[in-house]
Amino acid sequence: MNDFKTVVMTPQIYRYVREQAGQPSAVQEKLIARTLELGDSAEMQIPHEQAVLLSLLVKLTGAQTVVEVGTYTGYSTLAFAQALPPSGKVITCDVSPEWTRIAEEAWQAAGVRDRIELRLGPAGQTIAELPEEPTIDLVFLDADKVGYVHYWDLLVPRVRQGGLLLADNTLYYGEAAGEQPEGNAAAIDAFNRFVLADPRVESVLVPMADGLTFARKL
């Protein structure tokens, strides 16, 4: 199969791509810096250009209700909330009071705290407690990889027809594409196969950042 359209992402090309996303706001810059202070876990924060894409997707879909599984320090949550109309809502869930306190400070500083409903606790339980009616416009899945299939199965029936589901880290450092992936990479590979075979959606995996899957509810 020819792949002459595929560009290998060098540092120079990545800097160029990043520039096209524009500069982070003062609040975003502060949140990036604060997250970096956490050390190794900072790699869980999505890159700025992905946050810009998430904001665009909210506007393109006219989303009013967004459900995010995995908050971390709230960079993606902030992107969603800033793109929503004042009447919109992001329901985001995580298990870490420490990380989400950092997130709440940023949301407050950006003036969008009232658009965000933070729920602390196991993601599966949080999702199961959501209304069963298909009222969700957009989903962003970015939590523990072994739970992806379970979370997806709970969320798809709750998404409206034509709604959008996004799953992050679906390349998992490229390891999901290996001959015999292990650990989280194996869980992601299993998830990717599950989504591809899911008759409830049409989907595509885009090689952005660590891999981002887009799916439309049929």
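As a reminder, the structure under discussion sits directly above these lines.
What counts and how
- Residues numbered from 1 in each chain as written.
- Predicted model: local features only at pLDDT ≥ 70, side-chain atom pairs only at ≥ 80, totals over all residues.
- Heavy atoms only, no water.
- Phe/Tyr/Trp six-rings, centres within 6.5 Å; stacked < 30°, edge-to-face > 60°.
- Helix = DSSP H or I, 4+ residues; strand = E, 2+ residues; numbered from the N terminus.
- Buried < 20%, exposed > 50% of the residue type's maximum accessible area, 1.4 Å probe, protein only.
- Pairing = 2+ DSSP bridges.
- Right-handed = clockwise from strand over helix to strand, strands pointing away.
- Expected span 1.5 Å × (residues − 1).
- Arc of directions from axis to C-beta.
- Contact = heavy atoms within 4.5 Å.

Q: Can you walk me through the packing of aromatic side chains in this structure?
A: Aromatic ring pairs are defined here through the distance separating the ring centres and the angle between the ring planes. Applying the stated criterion across every chain yields a total of five aromatic pairs. Measuring from ring centre to ring centre gives 4.8 Å for Y72 and W99, while their planes differ by 75°; the resulting arrangement is edge-to-face. With a gap of 27 residues between them, Y72 in the loop between strand 1 (65-69) and helix 4 (75-83) and W99 in helix 5 (residues 97-110) connect regions that are remote in the sequence. The exposure class of Y72 is buried, given its relative accessible area of 6%. On the basis of relative accessibility, which here comes to 23%, the residue W99 falls in the partly exposed class. Through a chain of ring-to-ring contacts, three or more aromatic side chains come together here, namely Y148, W152 and F191.

Q: What is the right way to look at the pairing of strand 4 (residues 136-141) in this model?
A: Every regular strand shows the same layout, with side chains that alternate between the two sheet faces. With six of six residues buried, strand 4 is to be regarded as a mostly interior element. Across four bridges, the pairing between strand 1 and strand 4 is parallel. Paired with V69 across the two strands is L141, which belongs to strand 4. Where strand 4 lies against strand 5 (residues 159-168), five bridges are found, and the strand directions are parallel. If you follow V139 over to strand 5, its bridge partner there is L165. A crossover links strand 4 with its parallel partner strand 5, the connecting element being helix 7 (residues 148-155), and its sense is right-handed.

Q: Explanation requested: helix 5 in the structure shown.
A: Owing to its 3.6 residues per turn, the α-helix aligns residues three or four sequence positions apart on the same side. For helix 5, spanning 14 residues, the distance from its first C-alpha to its last is 20 Å, which sits close to the expected 20 Å at 1.5 Å a residue. If you check which residues of helix 5 are buried, you get T100, I102, A103, A106 and W107. Buried residues of helix 5 fall within an arc of 150° about the axis and therefore sit on the same side. Facing away from the buried side of helix 5 by more than 90 degrees, the exposed set consists of E105, Q108 and A109. Where helix 5 ends, the next residue or the one after it, G111, has phi of about 80°, a positive value.

Q: Would you mind showing me how to read helix 8 (residues 183-197) here?
A: The end-to-end C-alpha distance of helix 8 is 22 Å, a good match for the 21 Å that 15 residues give at a rise of 1.5 Å each. For helix 8, the set of buried residues is A185, A187, I188, D189, F191, N192 and V195. Next to the buried residues of helix 8 lie strand 4, helix 7, strand 5, strand 6 (201-206) and strand 7 (212-217).

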